[in-house]
Amino acid sequence: MTGKVSRTPRGLNKVAVAISALLLGPALSGCILGTERPDLNLELPVAYREGDHNAPDAHLPAVDWWRGFKSSELTSLMDGAQIYNLDIAVAIAQIAQADAQAGEAGAPLLPSVTGTSNAEQMRSATGSFVTGGGIGGTTFSQYSLGLTASYMVDFWGKNRATLHAAEETATQMRYNREVVTLTTVVTVANTYFQILAAQDQLRVARRNLAAAERILTLIKQQFAGGTASQLDVSQQETQVATERATIPPLEITLKQNIAALAVLVGRAPANFTVKGGTMTQIAIPRVTPGLPSELLNQRPDVRMAEAQLASSNFSVESARAAFFPQIQLTAQTGVQSAALASLFGPGAWFYTLSAGLTQPLFDGFLLESQLKQAKGVQLQNLQAYRKSVLSAFADVEKALVALSQSILQERLDIEAVASARKAFEVSETQLRAGTVNLITVLQTQQTLLTNENILVQARLTKLLAASSLFQALGGGWTPTGQLSSLQPQDGAAPQAQ
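K.L.:
Got a minute to help me understand the environment of threonine 191 in this structure?
P.N.:
Considering the arrangement of structural elements, one finds threonine 191 in helix H4 (residues 158–225). When the C-alpha positions of threonine 191 and glutamine 256 are compared, they lie 9.9 Å apart, and in sequence the two are 65 residues distant. Not counting chain neighbours up to four residues away, the residues in contact with threonine 191 comprise Asn257, Ala260, Leu261 and Leu264.

Put into structure tokens, the structure is as follows:
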């Protein structure tokens, strides 16, 4: 729409009113937010079945909890994984996407202003012929410069609810990053423990191979002296070959875990080495689980489910607000002239003001279906949040049981290995003296090998249970017990409604 109006105070007042309406529109928005908050109905236990109930706040997980294992190599691997792990990098990129989507969702809450410029030349035909056979007509030009501003008054809170839903999704992505980070560092610890276990098993296998070869040498000496049979030699040769055959599978396990650890810390396996050592050098940090209610703030996966539920709550509000009338304010102003020289001259200024209201009457039940879908997602996320809370409590209980029982098992297996080693040493001594047969020696050796391997597995189970407990507790806790170093620092944490 174009035209000329007089520059009267009355016209200027109308423009001022329109601009004021556009600026005050955001202040009139979102007056029904906060109506969709389902009852969480959570069952929170007072204390855990396992663990130290006398001092729930003592020995809470440290922020850098992996240092409690007293391994400098493990600490270095943890630091590298947090910097170079590619899964964490992907999660960080997802945060950037979610933030951008939140920015897009917030754009309708602000007025939209567009600048326009136009220059056109038109010719109109007269419908009569002139000399020379041409068609007569008139040519004229039109020039204009203008600004167009529009704003959708978010009186019912639809756009603001959409923004809050996107913000909660961005918060959810931050907690997803912390879930990925926690999973990564725990996987680094577990893979490193698997490497140590493989190295310990290789030591056991080589030690038993050396013992079998030592006995084979003795049997051959006895055979040469006529005190042992060829059957005795063959049996011991079979034992040596059996012991030697256990080494390649352990080498496979060791080297494959080293390659997996290289990927976790963002290194090429060919250029990556691990010194390792033995599981006996790894300490078990003393840790208590604290109070179950604190776990809701510590577990990033629980907080992520909470943010997801909050986002769906706002989505329901947005879908409900879509049923109400929508008010659109539009203002346009600028200058227009048939001559470029007089574009800014008197009388070239124009403006248009408009306000429109739209009310859905019948859309084939589209809005109703969208509301039902939003409520279905809300219910789904509510149940997922409840399950995440119960699963968190169960994870802690299972990790506490596994840790306490694996410590007990290790102590019993140490006693069994000591007894089996003493029996093997005695049988070997008696074999040299000729007072015991080879079958007894083979039995004691096999018993020792079995018990040593069981002890290695018990120690590995203990270490894996310890790392699982830290994962179940949500990583490290700050002295206040509210947020760990693995939890978001650059986004507001969602609160249960």
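K.L.:
Can you walk me through the side chain of asparagine 190 in this structure?
P.N.:
Summarising the element assignment, asparagine 190 is placed in helix H4. Excluding residues that lie within four positions of it along the chain, asparagine 190 makes contacts with Leu464 and Ser467.

K.L.:
Is there a simple way to explain the packing of aromatic side chains in this structure?
P.N.:
When we look at a pair of aromatic rings, we describe it by the centre distance and by the angle of the planes. Across all of its chains, the model carries eight aromatic pairs by this definition. When the ring of phenylalanine 69 is compared with that of phenylalanine 470, the centres are 6.2 Å apart and the planes differ by 70°; the resulting orientation is edge-to-face. One end of the pair, phenylalanine 69, is in the loop between helix H1 (9–24) and helix H2 (72–84); the other, phenylalanine 470, is in helix H10 (residues 438–472), with 401 residues separating them in the sequence. Here phenylalanine 69 falls in the buried class, since its relative accessible area comes to 0%.

K.L.:
Even after reading the chapter, I still don't get the side chain of serine 318, so can you show me in this structure?
P.N.:
Its location among the elements puts serine 318 in helix H8 (residues 300–321). Accessibility expressed as a relative area gives 11% for serine 318, which makes it buried. A polar contact is formed between the side chain of serine 318 and the side chain of threonine 162, at a distance of 2.9 Å. Leaving out residues up to four positions away in the same chain, serine 318 has contacts with Lys158, Ala161 and Thr162.

K.L.:
Mind showing me how you'd approach the nonpolar core here?
P.N.:
In a soluble, globular protein the nonpolar side chains are often hidden away together inside. Counting residues in hydrophobic clusters, the biggest one holds 81 residues, and the most contacted among them are Trp65, Tyr192, Phe193 and Leu261. If you list the elements that add at least two residues to this core, you get H2, H4, helix H5 (230–245), helix H6 (247–264), helix H7 (292–298), H8, helix H9 (366–433) and H10. Leaving out residues up to four positions away in the same chain, tryptophan 65 has contacts with Met78, Leu182, Val185, Val186, Pro285, Phe470, Gly475 and Gly476.

K.L.:
What exactly am I supposed to notice about unusual backbone geometry here?
P.N.:
Here asparagine 41, not a glycine, exhibits a phi torsion of approximately 55°, which is positive. Structurally, asparagine 41 is set in the loop between H1 and H2. Although it is not a glycine, phenylalanine 365 sits at a positive phi angle of roughly 65°. Following the sequence through the fold, phenylalanine 365 ends up in the loop between strand S4 (349–358) and H9. Residue classification places phenylalanine 365 among the exposed residues on the basis of a relative accessible area of 52%.

K.L.:
Please explain the environment of glutamine 194 as it appears in this structure.
P.N.:
Checked against the element boundaries, glutamine 194 lands in helix H4. Given the relative accessible area of 28%, glutamine 194 is considered partly exposed. Separated by 270 residues in the primary sequence, glutamine 194 and leucine 464 place their C-alpha atoms 8.9 Å from one another. Among all residues touching glutamine 194, those that are not within four sequence positions of it are Asn257, Leu460 and Leu464.

The rules behind these values
Residues numbered from 1 in each chain as written. Predicted model: local features only at pLDDT ≥ 70, side-chain atom pairs only at ≥ 80, totals over all residues. Heavy atoms only, no water. Helix = DSSP H or I, 4+ residues; strand = E, 2+ residues; numbered from the N terminus. Contact = heavy atoms within 4.5 Å. Phe/Tyr/Trp six-rings, centres within 6.5 Å; stacked < 30°, edge-to-face > 60°. Buried < 20%, exposed > 50% of the residue type's maximum accessible area, 1.4 Å probe, protein only. Polar contact = N/O pair within 3.5 Å; in protein donor to acceptor, adjacent residues only side chain to side chain. Core = buried A, V, L, I, M, F, W, Y, C linked by side-chain atoms within 4.5 Å.

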